[in-house]
Amino acid sequence: MTTTVSPTPSPLRGVTERLTRLRKIIATRMVASLQTSAQLTTVVEVDVTGVAELRAAHKDAFAAREGVKLSFLPFFAKAAVEGLRVHPVVNAALDMEAGTVAYPDAEHLGIAVDTDKGLYVPVLRDAGDMSIAEFARGIDDLAARTRANKLSPDDLVGGTFTLTNTGSRGALFDTPIINQPQSAILGTGAVVRRPAAVRTADGTETIALRSLAYLALTYDHRVIDGADAARYLSWVKARLEQADFAADLTG
């Protein structure tokens, strides 16, 4: 389907306006984050054809049962959080003054939410214990309450790792900035159908249309080495390509 593009100029052209309080906070925190930690981004491509087929088979029944749409984001969130349990250094918190690295015994997932006022990052508590259905409901609830200005202060603190869905507006990937004092943030790109090499059951290779996406992990190189980041991303990639989520769509 082709998107209609309108040449109508924005009313903001030629306008000077004061920064909002939220925009000032975002600007200050983004610069502070880059000045605080040694940030590096690693990107992998993931074949999510299996997830796409599973989603297509279950999305109607899921929406009827759960009351929310089944997007790709809960699958990405599930794999990302499971990966944190296997590779806790990506979920760690560095304290340079104390000379310590803390590895939390829980995964509290920040979800970046775009609003007309700016970007908020509310937190899903104890995300390591969530099913796909719980992720879908939780993400939908946080997004709805964020955009309705109904978050509590507690909803915005305590995250140990952040997920930002840069693909929601069609971007393939970007290099997200870490949400301090966390040590990493994962950006999920748009899922796009493209030709790719596929190995068949008899070992030969062929070209087929596949559902592909990029995952971009920005991490604090002071505590996470490149090999750590690669191991984490490889684990998440394998989990998504395995697409063994059918039993996890309820609960």
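Look a little higher up for the structure.
Residues numbered from 1 in each chain as written. Predicted model: local features only at pLDDT ≥ 70, side-chain atom pairs only at ≥ 80, totals over all residues. Heavy atoms only, no water.

(A) Focus on the nonpolar core. By size, the foremost hydrophobic cluster in this structure holds 51 residues, and its most contacted members are L109, L217, Y232 and L240. Broken down by element, the residue count for this core peaks at 8 residues, all from helix 3 (residues 73-86). Non-local contacts of L217, meaning those with residues more than four positions away in its chain, are made with L40, T41, T42, V90, F161, A184, I185, L186, A229, Y232 and L233. (Core = buried A, V, L, I, M, F, W, Y, C linked by side-chain atoms within 4.5 Å. Buried < 20%, exposed > 50% of the residue type's maximum accessible area, 1.4 Å probe, protein only. Helix = DSSP H or I, 4+ residues; strand = E, 2+ residues; numbered from the N terminus. Contact = heavy atoms within 4.5 Å.)

(B) Main features of the pattern of salt bridges. Evaluated as defined, the whole model comprises 15 salt bridges. Measuring nitrogen to oxygen at the nearest pair gives 2.8 Å for the salt bridge that ties R210 to D47. Within this pair, whereas R210 is found in strand 11 (residues 205-220), its partner D47 is found in strand 1 (residues 39-47), the two being separated by 163 residues in sequence. Classification of R210 by relative accessible area gives partly exposed; the value is 23%. The structure contains a network of salt bridges with shared partners spanning K78, E82, R239 and D248. (Salt bridge = Lys/Arg side-chain N within 4 Å of Asp/Glu carboxyl O.)

(C) Region of interest: the packing of helix 3 against helix 4 (residues 132-147). Remark: helix 3 packs on helix 4, axes separated minimally by 9 Å, with the N-to-C direction vectors making an angle of 115°. Helix 3 and helix 4 meet at a crossing whose hand is right-handed. Contact with helix 3, carried on its side by L73, P74, F75, A77, K78 and V81, involves I132, F135, A136 and I139 of helix 4 and no other residues of that element. Among the residues forming the contact of helix 3 with helix 4, the class breakdown is 9 nonpolar, no polar and 1 charged. (Axes fitted to C-alpha atoms, helices over the stretch in contact; angles between N-to-C directions. Left-handed = near helix turned anticlockwise from the far one by under 90°. Nonpolar A, V, L, I, M, F, W, Y, C, P; charged D, E, K, R; others polar.)

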